[in-house]
Amino acid sequence: MNKITLDTFIQKYNLGGNVNSVKWESDGSTLSTRFISPDKSLLGQLTLAKQTLPEFEVGVYDTPLLSKMLGTLADKVDFTLTEVDNTPVAFHLTDSVISADYVLAATGVIPDVPELKNEPEYKTLVNIDSQFINSFIRGKGALADVETFAITPVDGGLEFTIGYSDINSNRISIKVQSGAVSLTEPVVFNANLFKEVLNANKECSKATLQISDKGLAHIEFNVDDFNVKYWLVSQQV
């Protein structure tokens, strides 16, 4: 298995260290996971297709440690399971020189990810491209201490405001054209998590952000053999 592929899989759910404990599932050809942020403001679902892997359902409790161990290996990695009494207990990762054994956790200690029920209709749509992704990442980097951003309807589309407030504040606003806007009021989301979502998927040249007036946003990225979906829950300011 290509190490870069496995590391990319990790980055798309780990989100800069915001989601560390997940279940990994493999049916032999597809690796997948579902995840939730500790504050429950983000849910996600990730799949990596066209792989050759053992079948398993395991707990990865400390993703940053796994990522560091993976970083010690060469680009081509053999990925196998160590089992005791037919129960997976470790990932065994090897290249031509180095081997690494990552101890797996019981799936019962991994946070449960709820099924998204009664998903609302998304009537506000906006296309996300590389220019927007880079602009938002740079804007959030400039306002590192700001924790939220607002999506506000404006003439011709939407405005994404990092540092939005009813009072005078440091803020950076990015206007995006859209012909499908039903929002009438600003909706506020976690800026740190959205920045990490964009950063983990910046190789994607286009995607569609869907926003419900019920306070839920959804975005899906498809790149190569990866498919990842994120749901963001609005926040009170």
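Residues numbered from 1 in each chain as written. Predicted model: local features only at pLDDT ≥ 70, side-chain atom pairs only at ≥ 80, totals over all residues. Heavy atoms only, no water.

Asks: Just to check I follow, could you spell out helix 4 (residues 191-200) for this structure?
Replies: Within helix 4, seven of the ten residues are buried, leaving the element largely enclosed by the surrounding structure. Structurally, the start of helix 4 carries an N-cap: the backbone nitrogen of Asn 192 is 2.9 Å from a side-chain oxygen of Asn 190. (Buried < 20%, exposed > 50% of the residue type's maximum accessible area, 1.4 Å probe, protein only. Helix = DSSP H or I, 4+ residues; strand = E, 2+ residues; numbered from the N terminus. Polar contact = N/O pair within 3.5 Å; in protein donor to acceptor, adjacent residues only side chain to side chain.)

Asks: Just to check I follow, could you spell out the side chain of Thr 161 for this structure?
Replies: Within the secondary structure, Thr 161 is located in strand 10 (residues 157-162). According to the relative accessible area criterion, Thr 161 is buried, its value standing at 2%. Among the polar contacts made by the side chain of Thr 161, one reaches the side chain of Ser 173 at a distance of 3.1 Å. In this structure Thr 161 touches Thr 148, Phe 149, Ala 150, Arg 171, Ile 172 and Ser 173, once residues within four positions along its chain are discounted. (Contact = heavy atoms within 4.5 Å.)

Asks: Could you clarify how one ought to interpret the environment of Gln 235 in this entry?
Replies: Looking at the element boundaries, Gln 235 is found in the segment after strand 15 (226-233). Separated by 48 residues in sequence, Gln 235 and Val 187 place their C-alpha atoms 7.9 Å apart. Apart from residues no more than four positions distant in its own chain, Gln 235 is found in contact with Asp 39, Ser 41, Thr 148, Val 188, Phe 189 and Asn 190.

Asks: Sorry, what's going on with the pattern of salt bridges here?
Replies: Should the charged atoms of two oppositely charged side chains come close, the side chains can pair. Taken as a whole, this structure holds four salt bridges when the rule is applied. Among the ionic pairs, Glu 203 bridges to Lys 12, the shortest N-O distance being 2.8 Å. Of this pair, Glu 203 sits in the loop between helix 4 and strand 13 (206-211) while Lys 12 is found in helix 1 (residues 3-14), placing the two residues 191 residues apart along the sequence. On the accessibility criterion, Lys 12 (1% relative accessible area) is buried. (Salt bridge = Lys/Arg side-chain N within 4 Å of Asp/Glu carboxyl O.)

Asks: Would you explain unusual backbone geometry in this entry?
Replies: Glycine aside, the phi torsion of most residues is negative, and most peptide linkages are trans. One non-glycine residue, Lys 40, lies in the positive phi region at around 65 degrees. With a relative accessible area of 58%, Lys 40 lands in the exposed category. Positive phi outside glycine occurs at Asn 118, with the angle close to 50 degrees. Looking at where Asn 118 falls in the secondary structure, it is placed in the loop between strand 7 (99-103) and strand 8 (124-129).

Asks: Sorry, what's going on with the packing of aromatic side chains here?
Replies: This model, assessed by the stated rule, comprises 18 aromatic pairs. Consider the rings of Phe 91 and Tyr 102, whose centres lie 6.4 Å apart with planes at 25 degrees: the pair is stacked. Of this pair, Phe 91 sits in strand 6 (residues 87-94) while Tyr 102 sits in strand 7; the two residues are eleven residues apart in sequence, bridging distant segments of the chain. Ring centres of Phe 149 and Phe 189 lie 6.0 Å apart, and the angle between their planes is 35 degrees; on these two criteria the pair is classed as tilted. Separated by 40 residues along the polypeptide, Phe 149 in strand 9 (residues 148-154) and Phe 189 in strand 12 (residues 187-190) bring together distant segments of the chain. Each member of the pair, Phe 149 as well as Phe 189, is classed as buried. Put simply, the rings of Phe 9, Tyr 13, Trp 24, Phe 35, Phe 56, Phe 79, Phe 91, Tyr 102, Phe 221 and Tyr 230 pair up and form one aromatic cluster. For Lys 12, the ring lying beneath its charged end belongs to Phe 226, and the centroid distance is 5.6 Å. (Phe/Tyr/Trp six-rings, centres within 6.5 Å; stacked < 30°, edge-to-face > 60°. Lys NZ or Arg CZ within 6 Å of the ring centre and 35° of its normal.)

Asks: Any chance you could explain helix 2 (residues 63-70) here in plain terms?
Replies: Think of an α-helix as turning once every 3.6 residues; residues three or four places apart then point the same way. The set of residues buried in helix 2 consists of Thr 63, Leu 66 and Leu 70. Projected onto a plane normal to the axis of helix 2, the buried residues spread over an arc of 60 degrees and lie on a single side. Summarising the contacts, the buried residues of helix 2 are in contact with helix 1, strand 1 (22-27), strand 4 (55-60), strand 6 and strand 7. Between the side-chain oxygen at the start of helix 2 and the backbone nitrogen of Leu 65 there is a gap of 3.2 Å, and the oxygen is on Asp 62. (Arc of directions from axis to C-beta.)

Asks: Whenever I open this one, the pairing of strand 13 confuses me. Can you help?
Replies: Along a regular strand, successive side chains alternate from one face of the sheet to the other. Alternating residues of strand 13 divide into Ala 207, Leu 209 and Ile 211, all buried, and Lys 206, Thr 208 and Gln 210, none buried. Judged from the six bridges that link them, strand 8 and strand 13 form a sheet pairing that is antiparallel. What sits directly across from Ile 128, in strand 13, is Ala 207. Strand direction decides the pairing type here: strand 13 and strand 14 (residues 216-223), joined by three bridges, are antiparallel. Paired with Leu 209 across the two strands is Ile 219, which belongs to strand 14. The turn joining strand 13 and strand 14, which pair antiparallel and follow one another in sequence, is formed by four residues; a positive phi near 95 degrees is taken by Gly 215. (Pairing = 2+ DSSP bridges.)

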